[in-house]
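# Close look at the chain arrangement
Here is how the chains run, residue by residue.
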Amino acid sequence: MSVHAELKRVTIPEIKATKGPGKLVMLTAYTKPMAQQLDPHCDILLVGDSLGMVVYGMESTLAVTLDMMINHTKAVVRGAKHACVILDMPFGSYQESHAQAYRNCARALAESGAQGVKLEGGIEMADTIKFVTDRGIPVMGHIGLMPTHVNAMGGFKAQGKEEEAMKKWIGVAQAVEAAGAFSMVIEGTVEPVARAITEAVKIPTIGIGASPACDGQVLVTEDILGLFSDFTPKFAKRYANLGELVSKAASEYSQEVRAGTFPAAEHCFGVKK
Ligand code: KIV
């Protein structure tokens, strides 16, 4: 999908129809200014629940609330004119019952202005995905390593390394597709598994730490910009080191303030340059 196409928002049916290696570009965004920068280059902006760790410094994504997700998504929608915006449903907001899932997904879309939601889960979530998609809520699935299952998995561990696991994940992906998902994230698996899943489903797969054998890729923006230093996943290439630039700018400002040389006259109100 061309990023240089006329500036109209990418739709869910357009994403669903985009199958083929390297076709979909997705990055996370949590704020309006970041969304404005990323928007022309991305098909999808994901307001990921990773914001709990990246923005709020939490140890996992588990304590992220639906209110947090809605507020950040509103900001991203205000900054994005082209990309499709997807809201990541947080832990505990959709797993309890179909009614809870529908109520919260509907609220998420209505209040935030996002075009779709992302739900983590495999075969056990398929009937929930079906329930909400049948009622008009576009769902992006998320299989493989599922960060909200961090306790159950005993940490953030790669999934699907063995032959047996490969069969399992193909079955999971097909169940998510049959339930009506318009695309799915595959996280933390090896290339043969990602390739087999991508070939086994007609909807686009979007990989993160899952090899180039997917129809698209997603990364956490702060990882590729060098703005998140708690840890850097090895699959996240760093394209810039903005952390260093921020630190340098803050240091220069602090030196000028302490030396009494800030603000210079041209930066004062009422002074003509
Ligand atoms: O929360 C998130 O940012 C995600 C992506 C990394 C896929 O789920």
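Shown above is the structure to which this text applies.
What comes next concerns the included structure. Since the structure is predicted, the reported quantities are computational estimates derived from the model, not experimental observations. (Residues numbered from 1 in each chain as written. Predicted model: local features only at pLDDT ≥ 70, side-chain atom pairs only at ≥ 80, totals over all residues. Heavy atoms only, no water.)

### Side note on the overall build of the protein
- On a plain count of helices and strands, the protein comes out with eleven helices and eight strands.
- On the principal axes, the C-alpha backbone points of the protein span a range of 65 × 35 × 35 Å.
- Counting across all 273 residues of the protein, residues that qualify as buried make up 50%.
- Restricting the contact set of the protein to residue pairs at least 6 apart, pairs at least 24 apart contribute 58%.
- Surface accessibility of the protein: about 13,400 Å² in total, with carbon and sulfur atoms responsible for 57%.
- The centroid of the 27 positive side-chain charges in the protein is displaced by 4 Å from the centroid of its 29 negative side-chain charges. (Helix = DSSP H or I, 4+ residues; strand = E, 2+ residues; numbered from the N terminus. Buried < 20%, exposed > 50% of the residue type's maximum accessible area, 1.4 Å probe, protein only. Contact = heavy atoms within 4.5 Å. Areas by Shrake-Rupley, 256 points an atom, 1.4 Å probe, with all protein chains shown as cover. Lys, Arg positive; Asp, Glu negative; His and termini not counted. Charge placed at Lys NZ, Arg CZ, Asp CG, Glu CD.)

### Some details on the site of the ligand
- In the region of the ligand, the neighbouring residues are Thr-28, Leu-46, Gly-48, Asp-49, Ser-50, Asp-88, Lys-118, His-142 and Ile-208.
- With respect to the ligand, the side chain of Ser-50 contributes an N or O atom lying 2.5 Å from an oxygen atom.
- Here an oxygen atom of the ligand sits 2.9 Å away from a polar atom, N or O, in the side chain of Lys-118.
- Contact with the protein chains covers 95% of the free accessible surface of the ligand, which is 250 Å².
- Within the shell around the ligand, the residues separate by chemical class into two nonpolar, four polar and three charged. (Near = heavy atom within 4 Å. Polar contact = N/O pair within 3.5 Å; in protein donor to acceptor, adjacent residues only side chain to side chain. Nonpolar A, V, L, I, M, F, W, Y, C, P; charged D, E, K, R; others polar.)

### A short note on the packing of aromatic side chains
- Inspection of the entire model under this criterion finds one aromatic pair.
- For the ring pair Tyr-253 and Phe-262, a centre distance of 5.4 Å and an interplane angle of 80° mean the geometry is edge-to-face.
- A cation over a ring is seen here: Arg-135 above Phe-131, with NZ or CZ 3.7 Å from the ring centre. (Phe/Tyr/Trp six-rings, centres within 6.5 Å; stacked < 30°, edge-to-face > 60°. Lys NZ or Arg CZ within 6 Å of the ring centre and 35° of its normal.)

### Some remarks on unusual backbone geometry
- Cis geometry marks the peptide bond from Phe-262 to Pro-263; its omega dihedral reads 0°.
- Along the chain, Pro-263 turns up in the segment after helix H11 (242-259).
- Even without a glycine there, the phi angle at Ser-211 is positive, about 75°.
- Locating Ser-211 in the fold gives a position in the loop between strand E7 (205-208) and strand E8 (216-219).

### Topic: the sheet that holds strand E2 (residues 44-47)
- As summarised here, the arrangement of the eight strands in space is E1-E2-E3-E4-E5-E6-E7-E8, forming a closed barrel in which the pairing is parallel. Across the sheet, the mean angle separating the axes of adjacent strands is 25° when strand polarity is ignored.
- The pairing of strand E1 (residues 24-28) with E2 spans three bridges and is classified as parallel. From the neighbouring strand, Thr-28 faces E2, where its bridge partner is Leu-46. (Pairing = 2+ DSSP bridges. Axes fitted to C-alpha atoms, helices over the stretch in contact; angles between N-to-C directions.)

### As for the layout of surface pockets
- Of the pockets and cavities examined, the largest pocket occupies roughly 740 Å³.
- As for the largest pocket, its lining consists of 32 residues, of which Pro-147, Glu-187, Ile-208, Pro-233 and Phe-235 are closest to the centre.
- When contributions to the lining of the largest pocket are tallied by element, the ones reaching two or more residues are helix H3 (51-54), strand E4 (116-120) and strand E6 (183-187).
- For the second largest pocket, the calculated volume is near 440 Å³.
- Residue lining of the second largest pocket: 23 residues in total, with Met-26, Leu-27, Leu-219, Ile-224 and Tyr-239 positioned closest to the centre.
- Of all elements in the fold, only E1, helix H2 (32-38), E8 and helix H10 (221-225) reach the threshold of two or more residues within the lining of the second largest pocket.
- Counting residues per element, the lining of the second largest pocket draws most heavily on E1, at four residues.
- Among the residues forming the lining of the second largest pocket, the class breakdown is 16 nonpolar, six polar and one charged. (1 Å grid on protein atoms, 1.4 Å probe; cavity = no way out; pocket = protein on both sides within 12 Å on 5 of 7 lines; lining within 4 Å. Points joined across faces, edges and corners; volume = space filled by probe spheres on them.)

### Quick notes on the pairing of E2
- Burial along E2 is two-sided: the residues Ile-44 and Leu-46 and Leu-45 and Val-47 are all buried.
- Handedness of the β-α-β unit built from E1, H2 and E2 comes out right-handed.
- With four bridges joining them, E2 and strand E3 (residues 84-88) adopt parallel strand pairing. Across the sheet, Val-47 pairs through a bridge with Leu-87, a residue of E3. (Right-handed = clockwise from strand over helix to strand, strands pointing away.)

### Some details on the packing of helix H4 (residues 66-79) against helix H5 (residues 98-112)
- Running from amino to carboxyl end, H4 crosses H5 at an angle of 35°, the nearest separation of the two axes being 9 Å. As H4 runs across H5, the sense of the crossing is right-handed. On H5, the residues that touch Leu-66, Asp-67, Ile-70, Thr-73, Lys-74 and Val-77 of H4 are Asn-104, Arg-107, Ala-108, Glu-111 and Ser-112.
- Tallied by class, the residues present in the contact of H4 with H5 amount to four nonpolar, three polar and four charged. (Left-handed = near helix turned anticlockwise from the far one by under 90°.)

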